[in-house]
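Observations on chain architecture
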Amino acid sequence: MRSDFSQDIHSAHTEPTTGQAARTVLALISLIAIVACAGAAAALAQIRSLKSEVAELHLELAPLKERITRLEQAEKARRQTEEQQIAKDEPAAGKTAPSGETQAAWALLAEEVQLVREYIKPAPSAVGPASAVKVGDSVDGAILPLPSPITEKVPKLLGARFAIRNGAIIIIRKDSRQVDAVIAAH
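Notes on the structure in this doc start here. Counting starts from 1 at the beginning of each chain's written sequence and moves along it residue by residue. Thresholds applied to this predicted model are a pLDDT of at least 70 for local features of residues and 80 or more for the giving and counting of side-chain atom pairs; totals over whole chains, interfaces and linings are not thresholded and use all residues. Think of the side-chain values as coming from all heavy atoms in the structure, minus any hydrogens and water.

Quick word on the overall build of the protein chain
Looking only at helices and strands, the protein chain has three helices and five strands in total. A run of H or I in DSSP becomes a helix once it reaches four residues, and a run of E becomes a strand once it reaches two; helices and strands are each numbered from the N terminus. When the helices and strands of the protein chain are read in sequence order from the N terminus, they spell out α-β-α-β-α-β-β-β. Contacts are residue-level and defined by heavy atoms, with any inter-residue pair within 4.5 Å sufficient. Across the protein chain, contacts joining residues at least 24 apart in sequence account for 62% of those joining residues at least 6 apart. For accessible areas, the Shrake-Rupley method is used with a probe of radius 1.4 Å. Any residue's cover is judged against the shown protein chains and nothing else. Put simply, the protein chain shows about 13700 Å² of open surface, and 61% of that area lies on carbon and sulfur atoms.

What follows is the structure, encoded as structure tokens:
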């Protein structure tokens, strides 16, 4: 009888521990499942919110794209008009000046020419006069902004750029690729 009684006592102690462990594991699994579902619901809500924001941004972007297209077309038309006007004016402005003088669509004074020559010193050119640059010619390659001491002293050159071609300093207006003044080498 003692052996039966001790087995009953031993069984009574182990059953509640096993049962409680199973309930604890089940509670943990349930808690993890609830947290995962809540996280998934929050992520789904966030995704829906982001989708609606993207849709709103697309609606705002469409008129802006249309406006940019219209502005680009207007700018292209303006440039074509300017080019046509320059082409009409080119024969009068394209007359060559004697060597060492300034050709200009811009009327630069002798002091202004001297100022430009003081700040910009071109290297001597080995190319002959056959390839001289003239007012109205199109400029390819690097074009640099005029130094600020020049533009401070000659405000009409503000925003202008320059390049050196065949030993001559050429000056180009802002937003243009055509020569507006040529300052020949001495």
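That covers the picture; the talk isn't over yet.
Focus on the environment of Asp175
Secondary-structure assignment places Asp175 in the loop between strand S4 (168-172) and strand S5 (179-183). Between the C-alpha atom of Asp175 and that of Arg161, which follows or precedes it by 14 residues, the distance is 9.2 Å.

Here we look at the nonpolar core
Here, nonpolar core refers to any group of buried Ala, Val, Leu, Ile, Met, Phe, Trp, Tyr and Cys residues whose side-chain atoms link them within 4.5 Å. Each residue is assigned to one of three classes by its accessible area relative to the maximum for its type, calculated with a 1.4 Å probe on protein chains only: buried under 20%, partly exposed between the two thresholds, exposed over 50%. Leu108, Val116, Leu146, Leu157 and Ile171 are the most contacted members of the largest nonpolar core, which has 16 residues in total. For this core, the secondary structure elements donating two or more residues are helix H2 (110-119), S4 and S5. Beyond its immediate stretch of four places on either side in the chain, Leu146 contacts Ile120, Thr151, Leu157, Ala160, Arg161, Phe162 and Ile171. Grouped together as the second largest cluster of nonpolar side chains are ten residues, Ile170, Ile172, Val179 and Val182 included.

Things to note about the pairing of strand S3 (residues 161-165)
Here two bridges tie strand S2 (residues 144-145) to S3, and the two strands are oriented antiparallel to one another. When the sheet's bridge partners are listed, Pro145 is paired in S3 with Arg161. Here S3 runs beside S4; their pairing, made up of five bridges, is antiparallel. The partner of Arg161 across the bridge, within S4, is Ile172. Strands pair, by our definition, only if DSSP identifies at least two bridges between them.

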